[in-house]
Amino acid sequence: MITMLAASSVVNSNLACSSRISSSSDFTSGHSWRPTEAVKLARTRAVSSIRINCAATKPAKTPAEEEWKVKRKLLAEKRVRSVDVKEALRLQKENNFVILDVRPEAEFKEAHPPGAVNVQIYRLIKEWTAWDIARRAAFAFFGIFAGTEENPEFIQSVDAKVGKDAKIIVACSTGGTLKPTQNFPDGKQSRSLIAAYLLVLNGYSNVYHLEGGLYAWFKEGLPAVDGEE
């Protein structure tokens, strides 16, 4: 009786996760309906035939979650160039480059370069499901921004605010780097480099990256404003 109950609980728990099993005729084909044999056969077939499609399964990987080596390769192929903060300021003033600040809105409001456009690439996670909690932990582990999720409207917002013909310098807090270093032989990804990858992936052709990020911008004492502008 204990064995039968245990087997039953396994089957029931799997079925609760949107399981699919073979039909009852499969279980009994060529066999009599003697209770003991039917239970043994059902138990064996259930273990091997149940296909679990659980609702808690991780969603398909998005482009932003692609491996850094893949992102870096495309950025190199599309000739995405890094510029330091002084060069970025010159390009903004003399060549009508747009500084695209991809930090969260709250950080943007604290301080940003004059004329910068804010489209956050990650936003605060709105839900508290088990999967959302796991994603918060994952983002914190990689040091991106605790408690955030990818902004699904990032490209649409950039299209609306900036446009594909614009010359863009993508900026975040730390910047990351495309250059190999002793500690990071493949460079180091950042929010701005992820954003640059998404932009070139979606047809943007004049994309630059702010080396050193806005931390370097403010440290150099370059112009900054607060609020919405």
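Our subject is the structure that appears above.
Conventions used here
Residues numbered from 1 in each chain as written. Predicted model: local features only at pLDDT ≥ 70, side-chain atom pairs only at ≥ 80, totals over all residues. Heavy atoms only, no water. Axes fitted to C-alpha atoms, helices over the stretch in contact; angles between N-to-C directions. Helix = DSSP H or I, 4+ residues; strand = E, 2+ residues; numbered from the N terminus. Parallel < 35°, antiparallel > 145°, perpendicular 65-115°, else oblique. Contact = heavy atoms within 4.5 Å. Nonpolar A, V, L, I, M, F, W, Y, C, P; charged D, E, K, R; others polar. Phe/Tyr/Trp six-rings, centres within 6.5 Å; stacked < 30°, edge-to-face > 60°. Salt bridge = Lys/Arg side-chain N within 4 Å of Asp/Glu carboxyl O. Buried < 20%, exposed > 50% of the residue type's maximum accessible area, 1.4 Å probe, protein only. Core = buried A, V, L, I, M, F, W, Y, C linked by side-chain atoms within 4.5 Å. Arc of directions from axis to C-beta. Pairing = 2+ DSSP bridges.

A. Just the packing of helix H8 (residues 154-161) against helix H9 (residues 191-201), in detail. Closest axis-to-axis distance for the H8/H9 pair is 11 Å, and the angle between their directions is 75°. In terms of their interaxial angle, H8 and H9 are classed as roughly perpendicular. In this structure, H8 uses Phe-154, Ile-155 and Val-158 to contact H9, whose residues at the interface are Ala-195, Leu-198 and Leu-199. Class assignment of the residues belonging to the contact of H8 with H9 gives a composition of six nonpolar, no polar and no charged.

B. Summary view of the environment of Lys-109. Within the secondary structure, Lys-109 sits in helix H6 (residues 105-110). The spatial distance from the C-alpha of Lys-109 to the C-alpha of Asp-226 is 5.4 Å, given a sequence separation of 117 residues.

C. Molecular detail of the packing of aromatic side chains. This model, assessed by the stated rule, comprises one aromatic pair. The interplanar angle of 90° and the centroid separation of 5.0 Å between the aromatic rings of Phe-97 and Tyr-208 together place this pair among those described as edge-to-face. Note that Phe-97 is positioned in the loop between helix H5 (85-94) and strand S4 (98-101) and Tyr-208 in strand S9 (residues 207-210), a separation of 111 residues in sequence.

D. Spatial organisation of the pattern of salt bridges. If you walk through the whole model with that rule in mind, you get nine salt bridges. For Asp-101, the salt bridge is made with Arg-103, and the minimal N-O distance between the two is 2.8 Å. Each member of the pair, Asp-101 together with Arg-103, is buried. Its salt-bridge partner being Lys-164, residue Asp-159 comes within 3.4 Å of it at the nearest N-O pair. Of the residues examined, Asp-159 reaches a relative accessible area of 32% and is grouped as partly exposed. Where salt bridges share partners, they join Glu-87, Arg-90 and Glu-94 into one cluster.

E. Region of the structure containing the nonpolar core. Leu-75, Leu-100, Phe-154 and Leu-199 are the most contacted members of the largest nonpolar core, which totals 30 residues. Of the residues forming this core, the biggest block, eight residues, is contributed by H9. With residues near it in sequence (within four places) discarded, Phe-154 still touches Leu-100, Val-102, Val-119, Gln-120, Ile-121, Ala-195, Leu-198 and Leu-199. Counting 15 residues, the second-largest nonpolar core is a separate cluster that includes Leu-91, Ile-99, Ile-169 and Trp-217.

F. Seen up close, helix H4 (residues 68-77). Inspection of H4 places Trp-68, Lys-71, Leu-74 and Leu-75 among the buried residues, and these make up the whole buried set. Looking straight down H4, one finds its buried side chains confined to an arc of 130°; they lie on one side. Those residues of H4 that are exposed and angled more than 90 degrees off the buried face are Lys-69, Lys-73, Ala-76 and Glu-77. In this structure, the buried side of H4 is in contact with H9.

G. The sheet that holds S4, seen in detail. The strand order across the open sheet formed by five strands is S3-S9-S8-S4-S5, and the pairing between neighbours is parallel. Because the sheet does not close on itself, it has two edges, and the strands there are strand S3 (81-83) and strand S5 (117-118). Direction of pairing for S4 relative to strand S8 (residues 168-171): parallel, over a ladder of four bridges. When the sheet's bridge partners are listed, Leu-100 is paired in S8 with Val-170. Running over the sheet, H5 touches S3, S4, S8 and S9 and is turned about 100° from S3.

H. Seen up close, unusual backbone geometry. We note that Arg-79 has phi near 60°; this positive angle belongs to a residue other than glycine. Along the polypeptide, Arg-79 turns up in the loop between H4 and S3. Even without a glycine there, the phi angle at Asn-96 is positive, about 60°. In this fold, Asn-96 is placed in the loop between H5 and S4. With relative accessibility at 61%, the residue Asn-96 sits in the exposed group.

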